[in-house]
Amino acid sequence: VLDEGETRRGVDTARKVFGNSASILGGDHLLVSALQRVQRSGTPELLGALLHTISSMVHSEAIQLAQRGQFEPNAESYNSVVSGKTAELFRWSMEAGARLGGLNGDQVRSLALFGHNLGMAFQLIDDTLDLASDTKTMGKDSLRDLKEGKMTWPLILACQADPLLENLLNASLHNPSYMEDSERVSNLLERILATGCVEKTRQRARDYAHEALELLNPFPNSPAKEALSTLLDGAVARLS
């Protein structure tokens, strides 16, 4: 699963190579193809659920786009966007697999909630990569999310711990030259990390992962259950 930054970079590359119109047309084709595949699955309710998921993701993306260019560390807004995008996509994917696997209603609901928790954990860990990753190994520059005007959970926690950071981050966001100064970026990053926001975010991700794992307990041991557990471990272990 690509994070938002990776997706945007992929879209930008496609635009440079094929042009904006061709890239949009290609995306439309892939969307229609995906909907047709779901329609042919023989499980009619999945298509309606997928349309609901797409609507939720579009709505959440609209909220996120409206917030670009400003820095407002709003936990409620963050949770709403992540729940409506990443977690919603993971939730539908798990629900679809459960329904196609012929599981009962309670099992479908449990796996859908597993997907939601997995998605939340995945996004939280992804947020930490913006602050504590090695650029060479992870392919992600420090504070890239901030430069793109994207709100992340660690930055929300950092501002709660260090209230003066909010004004500094806002100033940085509105002054591109500031973010081009490696020494300033390094000092800013050091101040953010000093709040302990990365470890707190990792712990929140582990809490979601624990809740997800609990949802698997009623299921009998099987290669599928083991695979889901391994997937969960991988999602929260991307940065140890």
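Residues numbered from 1 in each chain as written. Predicted model: local features only at pLDDT ≥ 70, side-chain atom pairs only at ≥ 80, totals over all residues. Heavy atoms only, no water.

Trainee: I'd like a rundown of the overall build of the chain, residues and numbers included.
Mentor: When helices and strands are tallied, the chain shows 14 helices and zero strands. Moving toward the C terminus, one meets the helices and strands of the chain in the order α-α-α-α-α-α-α-α-α-α-α-α-α-α. Here the chain holds 240 residues, and 41% of them are scored as buried. Within the chain, counting contacts between residues at least 6 apart in sequence, those at least 24 apart form 71% of the total. (Helix = DSSP H or I, 4+ residues; strand = E, 2+ residues; numbered from the N terminus. Buried < 20%, exposed > 50% of the residue type's maximum accessible area, 1.4 Å probe, protein only. Contact = heavy atoms within 4.5 Å.)

Trainee: A description of the pattern of salt bridges should follow, citing residues and the corresponding values.
Mentor: Proximity of charged atoms lets side chains of opposite charge pair with each other. Applying the stated criterion across every chain, the model contains 10 salt bridges. A salt bridge links K85 to E61, with the shortest nitrogen-to-oxygen separation between them at 2.6 Å. A residue pair is termed long-range when its members are at least 10 positions apart, and K85 in the loop between helix 4 (75–84) and helix 5 (86–100) and E61 in helix 3 (residues 44–66) qualify at 24 residues. Overall, K85 belongs to the buried group, its relative accessible area being 14%. Accessibility expressed as a relative area gives 23% for E61, which makes it partly exposed. As a salt-bridge pair, E95 and R99 come within 2.9 Å of each other at their nearest N and O atoms. Separated by four residues within a single helix, E95 and R99 lie in helix 5, roughly one turn from each other. Taking relative accessible area as the criterion, E95 reaches 10% and is therefore assigned buried. In this structure R99 comes out as partly exposed when scored by relative accessible area, which is 33%. If you follow the salt bridges from partner to partner, you end up with E45, E88, R91, E95 and R99 in one network. (Salt bridge = Lys/Arg side-chain N within 4 Å of Asp/Glu carboxyl O.)

Trainee: Before we move on, could you go through helix 10 (residues 165–173) and cite the residues and values that matter?
Mentor: Buried within helix 10 are the following residues: L165, L169, N170, S172 and L173. End-on, the buried residues of helix 10 take up no more than an arc of 160°, which puts them together on one face. Structurally, helix 10 contributes buried residues whose contacts are with helix 8 (144–147), helix 9 (153–161), helix 11 (176–179) and helix 12 (182–193). (Arc of directions from axis to C-beta.)

Trainee: Provide a residue-level description of the environment of M57, including the pertinent values.
Mentor: Here M57 shows up in helix 3. Leave out the neighbours within four places in its chain, and M57 touches G84, K85 and L89.

Trainee: How would you summarise the packing of aromatic side chains if you had to cite specific residues and measurements?
Mentor: What the rule picks out here adds up to two aromatic pairs. On the numbers, 5.4 Å between centres and 45° between planes, the contact of Y78 with W153 is tilted. You can see Y78 sitting in helix 4 and its partner W153 sitting in helix 9, a full 75 residues away along the chain. No difference in accessibility class separates Y78 from W153, as the two residues are buried. Positioned above the aromatic ring of W153 is the side chain of R204, whose terminal nitrogen or guanidinium carbon lies 4.0 Å from the ring centre. (Phe/Tyr/Trp six-rings, centres within 6.5 Å; stacked < 30°, edge-to-face > 60°. Lys NZ or Arg CZ within 6 Å of the ring centre and 35° of its normal.)

Trainee: Provide a residue-level description of the packing of helix 5 against helix 6 (residues 105–132), including the pertinent values.
Mentor: At a closest axis distance of 7 Å, the pairing of helix 5 and helix 6 adopts a crossing angle of 150°. As far as their axial angle goes, helix 6 and helix 5 are roughly antiparallel. Considering how the two elements wind past one another, helix 5 and helix 6 form a crossing that is right-handed. Contact residues: helix 5 offers T86, A87, F90, R91, M94, E95, A98 and R99, while helix 6 offers V108, L111, A112, F114, G115, H116, L118, G119, M120, F122 and Q123. By residue class, the composition of the contact of helix 5 with helix 6 is 11 nonpolar, five polar and three charged. (Axes fitted to C-alpha atoms, helices over the stretch in contact; angles between N-to-C directions. Parallel < 35°, antiparallel > 145°, perpendicular 65-115°, else oblique. Left-handed = near helix turned anticlockwise from the far one by under 90°. Nonpolar A, V, L, I, M, F, W, Y, C, P; charged D, E, K, R; others polar.)

Trainee: Pulling in residues and values, what's your account of the side chain of S77?
Mentor: Its location among the elements puts S77 in helix 4. Note on S77: relative accessible area 15%, which makes it buried. For S77, the contacting residues outside a window of four places in its chain are I63 and Q67.

Trainee: Please provide a residue-by-residue account of the nonpolar core, values included.
Mentor: One finds F114, L143, L169, L188 and I192 to be the most contacted residues of the largest nonpolar core, which totals 48 residues. For this core, the element with the highest residue contribution is helix 6, accounting for 10 residues. What I192 contacts, discounting residues up to four positions off in sequence, is L131, L143, L155, A158, L165, L169 and C197. (Core = buried A, V, L, I, M, F, W, Y, C linked by side-chain atoms within 4.5 Å.)

No statement about biological role is implied by the geometric values presented.
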